[in-house]
Amino acid sequence: MLEKMEENFDPETIIEEFEALSKDAERVQRETLEKILEENGETEYLQRSGLNGRTDPNSFKAFVPLVTHKDLEPYIQRIADGHSPSILTSKPITTISLSSGTTQGKPKFVPFNDELMESTMQIYKTSFAFRNREYPIGNGKALQFIYSSKQFKTKGGLTAGTATTNVYRNSQFKKTMKAMQTPCCSPDEVIFGPDFHQSLYCHLLCGLIFKDQVQVVSSTFAHSIVHAFRTFEQVWEELVDNIRNGILSSQITVTSIRLSMGKILKPDPILADKIYDKCLGLSNWYGLIKELFPNTKYVYGIMTGSMEPYLNKLRHYAGGLPLLSADYGASEGWIGANVNPKLPPELATFAVLPNIGYFEFIPLKEGLNGQDPVGLTEVENGEEYEIIVTNFAGLYRYRLGDIVKIKGFHNSTPELQFICRSNLLLTINIDKNTEKDLQLSVEAAAKLLSEEKQEVVDFTSRVDLSTDPGHYVIFWEISGELNDLVLEKCCNCLDTSFVDAGYVSSRKVNAIGPLELGIVKKGTFHKILDHYVGLGAAVSQFKTPRCVGNTNVVVLQILSSNVVKSYFSTAF
Ligand code: AMP
């Protein structure tokens, strides 16, 4: 199927297929559910549900429970351990994706299979087809800031890696990029290199070598593009020198990267002069992307949700080039394509592809809380919902944990706007930390305090984006007197106790700054309670907000005006 799509990849055909699917979204949803349940009816999971071969939406809802990742963990673990094949899917699962979700303080395992790969390519092609109508690109290359994490084998011999790694490693990814006329500038050795800094440097170098062929500058999440060009500001002279002499920086020590770059890098003083002059001509690096890569048609990546804070900087670097926000999905599977590429990222929506999974929506409207989920074509415009996914990779009525808002319909399929994670507290770029993660981190650090016979009276947190890079601030009210030595240790412990891979890797490359521990005056949390009670909250039901949003000005003011001392982590 995929092979056939590669050969015949014609954007207009893809659009026609999408139009047909979206016109008939209700029927397509029913058929998709039927197909998923027919294929997997004999699995242990569906057998246990008592569905007994039924494949209609009503029976599905009646027999199969809503679940979270935690509920599925024992099943997925058994698959990873190599136990009997037909646990969640009839076809054996051969690959596991590691999601950045850190519900229990560790990354989640989710099944990955050919069908997920196929729907990934379908969504890439669908949004590409719509983009290409508005911003056509010719034969060229993409400067893609993409990085792969290490893959490893689970106990049962399954390959495991982040979902993006599983996609990049799949031969279909390269073929699709080629079919979309945007193969990556950089060789595989750079994408799959073991050292993030070295890969980033070489991505930049490859981009410069192929500067006139670059048509698209992209990454999965917009933050990586901003981070890449911030790095460029530091290393541009060295990059220019490398091009002038045809000699790769001695900082690049990975043999496979050196070998592959050796085939691309040749002395080119004329190109070096050109880049040098361009850089000197820029004012505060405004328009860097447009000037250095003059044939770029647009900048592309996920720019919604937690990526929005980077839009200003991205616009600065892009210098008027269009910013196009990429699609919506998760390690668990894709959901919607951006079929309105002309909308600015702040207004981006995602049209659900009704054949890649079966989707349900829990209404969040006041008064409807706790109501049964509704189907894809039953959602109401303007309302917010929690999304539930059933897919071809063994997830049945799975709560993804995202809140979306309906922003109209494309034919009969809804267009979703991403609102937030339902339980996410702390996020700056690719990091994702929940209330639970914060709690685990505070618990670990509080142990050091308890050795001094002191305790944490209450705590909360915030993300501070007024510094560059942004960082986490954790506020503690403690029972005893300040002891600098102990609190410094506590601060480092808080920082290192966030084990989310996105956080740790961002801290290592300083894409997130040192964690700040702010000790507040005794009684501060009482003042916060008073504030909420003043707004009408019931004391018996009051819960300290564990994360204070930047719009919650009063509480932020209470906190910041009561900080008696701040400590910054030196852990990374
Ligand atoms: P992960 O599987 O760990 O990469 O994270 C998936 C999560 O990232 C989703 O559940 C969303 O919360 C978020 N996400 C993915 N795509 C988008 C998007 N286009 N806009 C906003 N958030 C997104």
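Preceding this paragraph is the structure being described.
Cut-offs applied
Residues numbered from 1 in each chain as written. Predicted model: local features only at pLDDT ≥ 70, side-chain atom pairs only at ≥ 80, totals over all residues. Heavy atoms only, no water. Helix = DSSP H or I, 4+ residues; strand = E, 2+ residues; numbered from the N terminus. Expected span 1.5 Å × (residues − 1). Buried < 20%, exposed > 50% of the residue type's maximum accessible area, 1.4 Å probe, protein only. Arc of directions from axis to C-beta. Contact = heavy atoms within 4.5 Å. Core = buried A, V, L, I, M, F, W, Y, C linked by side-chain atoms within 4.5 Å. Pairing = 2+ DSSP bridges. Axes fitted to C-alpha atoms, helices over the stretch in contact; angles between N-to-C directions.

Q: Teacher, can you tell me more about helix α12 (residues 222–245) here?
A: For α12, with 24 residues, the first-to-last C-alpha span of 32 Å sits near the 34 Å given by 1.5 Å per residue. Where α12 ends, the next residue or the one after it, G246, has phi of about 70 degrees, a positive value.

Q: Is there a simple way to think about helix α19 (residues 501–508) in this case?
A: Each α-helix winds once per 3.6 residues, and so residues spaced three or four apart point in a common direction. Along α19, the residues that are buried comprise G502, Y503, S506 and R507. With its buried residues spanning 125 degrees around the axis, α19 presents them on a single face. Close packing links the buried residues of α19 with β18 (433–434), β20 (471–478) and α18 (484–497). The first or second residue beyond α19 is N510, which carries a positive phi of 60 degrees.

Q: Even after reading the chapter, I still don't get the nonpolar core, so can you show me in this structure?
A: Within soluble globular proteins, side chains that are nonpolar generally end up buried alongside one another. Judged by nonpolar contacts, the single largest core of 161 residues is most densely connected at F145, F229, F232, F361 and W476. At 11 residues, α12 tops the list of elements feeding residues into this core. Once residues within four sequence positions are removed from consideration, F361 is found in contact with P373, V374, G375, L376, V379, Y385, E386, I387, V404 and L416. The next biggest cluster of nonpolar side chains, apart from the first, holds 10 residues, and it includes F475, I528, L556 and L559.

Q: What is the right way to look at the sheet that holds strand β9 (residues 328–330) in this model?
A: Across a sheet, paired strands are connected by hydrogen bonds in the backbone, their directions being either parallel or antiparallel. Within the open sheet, the 8 strands sit side by side as β9-β10-β11-β16-β15-β14-β12-β13. Their pairing is antiparallel. Of all strands in the sheet, those with a lone pairing partner are β9 and β13 (374–375), marking the two edges. Where strand β11 (residues 350–352) meets strand β16 (residues 413–421), 2 bridges bridge the pair, whose relative direction is antiparallel. Across the sheet, F350 pairs through a bridge with L416, a residue of β16. Strands in contact with helix α7 (residues 114–134) are β10 (333–337) and β15 (398–410); relative to β10, the strand with the most contacts, it is inclined by about 15 degrees.

Q: Just to check I follow, could you spell out the side chain of S260 for this structure?
A: Within the fold, S260 resides in helix α13 (residues 255–262). Contacts of S260, omitting those with residues within four sequence positions, involve P187, E189 and V190.

Q: Please clarify how the pairing of strand β6 (residues 214–221) should be interpreted in this entry.
A: Strand residues, when the strand is regular, have side chains that alternate between the two faces of the sheet. For β6, the tally of buried residues reaches 6 of 8 residues, placing the bulk of the element in the interior. One ladder, built from 4 bridges, connects strand β3 (residues 141–144) with β6; its direction is parallel. By the bridge assignment for β6, K141 is matched with V214. Note that β6 and strand β7 (residues 298–302) share 4 bridges and pair parallel. Note on β7: the bridge partner recorded for V217 is V299.

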